[in-house]
Amino acid sequence: MPTAKVNGQEVEFEPGMTVLQVAELAGEEIPRFCYHERLSIAGNCRMCLVEVKPGPPKPQASCALPAADKQEIFTNTPMVKKAREGVMEFLLINHPLDCPICDQGGECDLQDEAMGYGRDDSRYVENKRAVEDKFLGPLIKTQMNRCIQCTRCVRLSTEIAGVSEMGMISRGEDAEITSYLEEALTSELSGNLADVCPVGALTHKPWAYNYRPWELKKTESIDVMDALGSAIRVDAKGSQVMRILPRVNEDINEEWISDKTRYVPDGLIRQRLDRPFIRVAGKLKPATWAEAFAAVAGKLRATAADRIGVIAGDLQDAESMKAAMDLFASLGVKSLDCRQDGAKLGRGPRESWLFNTTIAGIEGLDRLLLIGTNPRREAPLLNARIRKAWLKGKLNVGLIGEAADLRYGFDYLGAGPASLSKLVEGEGEFFKDGKAVGIVVGQGALARSDGAAVLNLAARCASTFGGTLNVLHTAAARVGGLDMGFLPRSGGRDVAGMLKGDMDVVVLLGADEIDTSALGRAFVVYVGSHGDAGANRADVILPGAAYVEKSGIYVNTEGRVQIANRATFPKGEAKEDWAIFRALSEHLGAKLPYDSLEQLRAKLMADHPTFGQVDYVAGTSRPAPGFAGFGEAGALSDAPFSNPLTDFYLTNPIARASVTMAECSSSLAASHQRLEAAE
Amino acid sequence: MSVRRLAKEQPASFAFTPESLEKVNFWLAKYPPAKKQSASIPLLWLVQKQEGWVCEPAIRLVARMLEVPVIRILEVATFYTMFMLEPVGRAALIQVCGTTPCALRGANDLLAICQQEFGQKGHMTADGLFTWEEVECLGACCNAPMAAINDYYYEDLTPVTFRQIIADFRAGKSPAPGSYAGRHSSEPAGGAQTLSDPALYDGSKAHRIEKLPNAPEPEPVA
């Protein structure tokens, strides 16, 4: 390996690294604005100047300079210091002095670097440049006077998000960052623009003037808005979650998160269930916990076990599902289901409901077949990962289902199961020469009457072409539920069966994506955090905790077990969900054998060992030649696959309670209308 | 240069005429299909040749023809000041050079005339006849001061000749381009003053070159 000397210290580096990266290997921090590890190199801010030998007798921009063997790099010479001071002075010529009212204040790259390299005063007396603020949609607030033209946002939207909507118009001192005619951005990843902005030019509109970064209590946690389990940091002020930011997790979200993950916190303070309610004469009346438990316990005792059904929702942590499952199983209840959407999963080996390629593994594929899924809506970061692999030029993507703009090119191979059958039988060229094949089956292909047959056919396809079968979930709770077997016992009913309208008692664990009008005359108990469809229909509401208000285990679509942490406390009288079932179990005289979350987790891990493997993912495993248990062969319908999510921004009760998400949804609808009108 | 924006009033649509389309196809044929965006500037220039300026529907059309995001074409159109983003006068687009050599030779007087005759620079006059701009050096410093009007250079201008040219354009005439000081091209004022010896041209001065300039000295013989 080549070596270089950084300030006299010798380091080895990989060929192809830049001087900046080599200096970082040696532990030297290089100031930068335009350079970003995950974006292409622009080299236009000039802040990363260093001195190199051999080389011209002037400072060099280290981000864009390839390191050479035997090179000597100096980052602390007087020349470097003076050069950086000069660059900083230039950047500050037109940068306004509005740090006290700037939302970036306290976490601003320019502020920090100015502390290190700025002069104490300005030599410029001329007026500063004034730039009109731009409209970029409901999420990104602009203060373009502050822009230093690093073009990180342009590169991020073009390269990562795959929407070439941002650009720099005009030139020289008149250069301005904007979208075309100031149209709202249509990306699901637009919040990341504000993250990469090194100054306060792009900030988060929904959070404007709400907090200062140093007042926030930061909690590292796991996202539940989609089934990826992105790493997030929840920042709270007092009892309110002010914002959610991404954390780096190379295996899942790299360092981005979707707009839904990021901007949903305002849904955590609206439509909250903060006390128990009991329906009296058709109206929900506030009640005490004791009254609510008595009402539920009385009803459960009076009902035969086979007339009771339990449905777990999309945002449930594993502990609450485990507690509910243990409680109702001990009562003899057979109708348990965690598949609100009716996906035909869970009756086979664990691999039959996991994303076995793993998210990071997508980068190693050369053929990817998407069946009945729109990953851009269902898992925007998985989509970004597919785009990343596609950009490298090795990956060919095929799609069977609803065609959509996925932000990368794909071969459209058909609309329904018939197209998949033909592919399996060897028609078409898609898999030709494919060495690393991945098949992704979405809920749009599984949540239908022939879902099991489609899964079986997809597994056969994977096996025929030597590929890996992957199931892409849309709900954070689903894999956890399937892993612990939160499924109908023999003789029990699934969700569709429970929705026939002839159950006597139905317990909803945050289950709101079902047709509540089909519950018939059932006595409905809703355990959850938000007043949505389920609570609206409920006869008794037992208020639970939202995902940031409890420590909980979530299993992502890859089968990766992750533990979310509590950032704030449940609202009002609400309790953590598992504790509700623990308390209810005493009222029913069927006390659950755990008194603390630790004991519950110990039981969970003892009963279902996969939960003990935190942050572990089994990884690639090809379906066995017989693909036994991967669904079951059967008749296929002719109906084309349809995508499960119609509105990306409004997929769960928390998002539906969020004003920001509602604005995003209507802004997107308006831009669709404009596009249609233009065509 | 000031902040460049698209004009507020835009036509509803834009289409290339058959003649322009022929040229468009000529330019598109020059680049491989994957590098179509290389034709951005030629296509925008054809738009400007056809309409006199670059309108928003044309930017969208060019983006569609080149299969690039429309913001990329907007970037190009706003970057280059030769692309006019507003309608220009149908009689003349007058671009007066205001850079140092022209300024020393009296360009400021020409600029003052424009200001007086047409008003604010960069915008079409109310009668729709003229647009004027001050531009940077157009590379005709020997004939300063000068102005580029439509496609031609008008050189060695004085306030009198400049006013006359403007009046001619206003009257619908096309005044002849070139020097208005009566000289040929950029010859010295008063005619050629060097290289006037006829012997230079009859071959009588030609002689054999004995020693090449800067050739290495031959090694001294020991």
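Look up: the structure comes first, before these words.
Since this is a predicted model, take the numbers as computed values, not measurements.

Q: Tell me about the overall build of chain A, and please be specific about residues and values.
A: Secondary structure assignment for chain A yields 20 helices and 26 strands. Taken over C-alpha atoms, the radius of gyration comes to 27 Å for chain A, in line with the 26 Å a tight globule of 679 residues would show. Each principal axis of the C-alpha atoms in chain A carries an extent, and together these give about 85 × 60 × 55 Å. The burial tally for chain A puts 60% of its 679 residues in the buried class. Taking the intrachain contacts of chain A between residues at least 6 apart in sequence as the baseline, contacts between residues at least 24 apart amount to 70%. Surface summary for chain A: the accessible area is close to 25900 Å², and the carbon and sulfur share equals 51%.

Q: So what about the overall build of chain B? Which residues, and what values?
A: Scanning chain B for helices and strands turns up seven helices and five strands. Computed over its C-alpha atoms, the radius of gyration of chain B comes to 24 Å, more than 25% above the 17 Å expected for a compact globule of 222 residues. With respect to the three principal axes, the spread of C-alpha positions in chain B is 85 × 50 × 30 Å. Out of the 222 residues belonging to chain B, those deemed buried represent 38%. For chain B, contacts bridging at least 24 residues in sequence account for 63% of all contacts bridging at least 6. Charged side chains in chain B number 21 positive and 24 negative. The centres of these two groups are separated by 6 Å.

Q: Summarise the interface of chain A and chain B; cite the residues concerned and give the values.
A: With 18 residues of chain A at the contact, the number on the chain B side is 19 residues. Looking only at chain A, the three residues that lose the most surface to chain B are A:S170, A:R171 and A:Y180, adding up to 45% of its buried area. Along the contact surface separating chain A from chain B lie two salt bridges. For A:E132, the salt bridge identified is with B:R5, shortest N-O distance 3.2 Å. Listing elements by their share of the side of chain A that touches chain B, those giving two or more residues are helix 4 (152-160), strand 7 (166-169) and strand 8 (176-179) of chain A. The leading source of residues in the side of chain A that touches chain B is strand 7 of chain A, at four residues. Taken together, the residues of the side of chain A that touches chain B break down into six nonpolar, six polar and six charged.

Q: I'd love a proper account of the nonpolar core, names of residues and values included.
A: Residue and element names in this part refer to chain A. Within the largest apolar cluster, 112 residues are counted, with the highest numbers of intra-cluster contacts made by V22, L370, L382, I386 and Y547. Per element, the largest residue contribution to this core is five residues, and it comes from helix 10 (residues 380-391). Among residues more than four places away in sequence, those in contact with L370 are P375, I386, V397, G398, L399, I400, L406, Y408 and V440. Judged by nonpolar contacts, the second largest core, of 77 residues, contains I308, V507, L509 and V555.

Q: Let's hear about the pattern of salt bridges: which residues, and what values?
A: All names here are of chain A. On inspection of all chains with the given rule, the structure shows 65 salt bridges over all chains. When the shortest N-O distance is used, the salt bridge between D504 and R307 registers 3.3 Å. With D504 in the loop between helix 15 (495-498) and strand 22 (505-509) and R307 in the loop between helix 7 (289-301) and strand 15 (308-312), this pair connects stretches of sequence that are 197 residues apart. On the basis of relative accessible area, D504 is assigned to the partly exposed category, the value being 34%. For R307, a relative accessible area of 27% gives the class partly exposed.

Q: With reference to specific residues and values, describe helix 3 (residues 56-66) of chain B.
A: Among the eleven residues that make up helix 3 of chain B, eight are buried, leaving the element largely enclosed by the rest of the structure. Of the residues making up helix 3 of chain B, those classed as buried are B:E56, B:P57, B:A58, B:I59, B:L61, B:V62, B:A63 and B:L66.

Q: Now, about helix 8 (residues 318-330) of chain A: what can you tell me, with residues and values included?
A: All names here are of chain A. Spanning 13 residues, helix 8 covers 18 Å between terminal C-alpha atoms, matching the ideal 18 Å at 1.5 Å per step. A large share of helix 8 lies buried, amounting to eleven of its 13 residues. Inspection of helix 8 places A318, E319, S320, M321, K322, A323, A324, M325, D326, L327 and F328 among the buried residues, and these make up the whole buried set. Backbone geometry just after helix 8 places G332 at a positive phi near 90°.

Q: Run through the environment of A:I73, naming residues and quoting values.
A: All names here are of chain A. Summarising the element assignment, I73 is placed in strand 5 (residues 71-74). Once the C-alpha coordinates of I73 and A23 are considered, the two residues, 50 residues apart in sequence, prove to be 7.5 Å apart. Once residues lying within four places of it in the same chain are set aside, the contact partners of I73 are A4, K5, V6, N7, V19, V22, V50, E51 and V52.

Q: How would you summarise the sheet that holds strand 3 (residues 147-149) of chain B if you had to cite specific residues and measurements?
A: All names here are of chain B. Strand order in this open sheet of five strands is 2-1-3-4-5, and the pairing throughout is mixed. Since the sheet does not close on itself, it has two edges, and those belong to strand 2 (130-135) and strand 5 (178-179), each with one partner. Pairing between strand 1 (residues 92-97) and strand 3: three bridges, direction antiparallel. Residue V96 lies in a different strand from strand 3, and its bridge partner there is A147.

Q: Which residues make up the environment of A:C197, and what values go with them?
A: All names here are of chain A. Take C197: it is sitting in the loop between helix 5 (191-196) and strand 9 (202-204). Take C197: its relative accessible area is 9%, and that puts it in the buried class. Placed 51 residues apart in sequence, C197 and V248 show a C-alpha to C-alpha distance of 17 Å. In contact with C197, other than residues within four places in its own chain, are Q104 and L202.

Q: Talk me through the pairing of strand 23 (residues 523-528) of chain A; I want residue IDs and the actual numbers.
A: All names here are of chain A. The buried fraction of strand 23 is high, at six of six residues. Both faces of strand 23 are covered, namely the face carrying F523, V525 and V527 and the face carrying V524, Y526 and G528. Where strand 22 meets strand 23, five bridges bridge the pair, whose relative direction is parallel. Pairing of V506 across the sheet is with V524, part of strand 23. Note that strand 23 and strand 24 (residues 540-543) share four bridges and pair parallel. Paired with V525 across the two strands is V540, which belongs to strand 24.

Q: Just give me the short version of unusual backbone geometry, but keep the residues and values in it.
A: Across the junction of A:K53 and A:P54, the peptide omega takes the value -5°, indicating a cis bond. A cis amide bond links B:A144 with the next residue in sequence, B:P145, at an omega value of -10°. Mapped onto the elements of the fold, B:P145 is located in the loop between strand 2 and strand 3. One non-glycine residue with positive phi stands out, namely A:T151, at about 65°. Examined against the element boundaries, A:T151 turns out to sit in the loop between strand 6 (140-142) and helix 4. Given a relative accessible area of 12%, A:T151 falls into the buried group.

Q: Describe the pairing of strand 15 of chain A, with residues and values.
A: Working note: regular strand, side chains alternate between the two faces of the sheet. Residues and elements named next belong to chain A. Counting buried residues in strand 15 gives five out of five residues, a clear majority hidden from the surface. Side chains I308, V310 and A312 project from strand 15 onto one buried face, and the interleaved G309 and I311 project onto a second face that is buried too. Where strand 15 meets strand 16 (residues 335-337), three bridges bridge the pair, whose relative direction is parallel. Considered in strand 16, the bridge of I311 is made with D337. As for the winding sense of the linkage, the β-α-β connection from strand 15 through helix 8 to strand 16 is right-handed.

Q: Can you lay out the side chain of A:S190 for me, pointing to particular residues and giving the numbers?
A: Residues and elements named next belong to chain A. Inspection of the secondary structure assignment puts S190 in the loop between strand 8 and helix 5. Looking at S190, its side chain comes within polar contact range of the side chain of D259, at 2.7 Å. Sequence-distant contacts of S190, defined by excluding residues within four places in its chain, comprise L139, I140, L185 and D259.

Q: Hey, could you go over the sheet that holds strand 1 (residues 3-6) of chain A for me, with residue numbers and the actual values?
A: All names here are of chain A. Spatial strand order, 2-1-5-3-4: five strands in an open sheet with mixed pairing. Single-partner strands in this sheet number two, and they are strand 2 (9-12) and strand 4 (60-61). Here three bridges tie strand 1 to strand 5, and the two strands are oriented parallel to one another. Note that in strand 5 the partner of A4 across the bridge is Q71. Along the sheet face, helix 2 (residues 78-93) touches strand 3 (49-53) and strand 5 and points at about 150° away from the line of strand 3.

Q: Let's hear about the side chain of A:T186: which residues, and what values?
A: Residue and element names in this part refer to chain A. By the element assignment, T186 lies in the loop between strand 8 and helix 5. The exposure class of T186 is buried, given its relative accessible area of 19%. At 2.6 Å, the side chain of T186 forms a polar contact with the side chain of E165. The residues contacting T186, other than those within four sequence positions of it, are V163, E165, R376, R407 and S671.

What counts and how
- Residues numbered from 1 in each chain as written.
- Chains lettered and ligands numbered in written order.
- Predicted model: local features only at pLDDT ≥ 70, side-chain atom pairs only at ≥ 80, totals over all residues.
- Heavy atoms only, no water.
- Helix = DSSP H or I, 4+ residues; strand = E, 2+ residues; numbered from the N terminus.
- Rg over C-alpha atoms; globule rule 2.2 N^0.38 Å.
- Buried < 20%, exposed > 50% of the residue type's maximum accessible area, 1.4 Å probe, protein only.
- Contact = heavy atoms within 4.5 Å.
- Areas by Shrake-Rupley, 256 points an atom, 1.4 Å probe, with all protein chains shown as cover.
- Lys, Arg positive; Asp, Glu negative; His and termini not counted.
- Charge placed at Lys NZ, Arg CZ, Asp CG, Glu CD.
- Buried area = accessible area lost by both parts, 1.4 Å probe.
- Salt bridge = Lys/Arg side-chain N within 4 Å of Asp/Glu carboxyl O.
- Nonpolar A, V, L, I, M, F, W, Y, C, P; charged D, E, K, R; others polar.
- Core = buried A, V, L, I, M, F, W, Y, C linked by side-chain atoms within 4.5 Å.
- Expected span 1.5 Å × (residues − 1).
- Pairing = 2+ DSSP bridges.
- Right-handed = clockwise from strand over helix to strand, strands pointing away.
- Polar contact = N/O pair within 3.5 Å; in protein donor to acceptor, adjacent residues only side chain to side chain.
- Axes fitted to C-alpha atoms, helices over the stretch in contact; angles between N-to-C directions.

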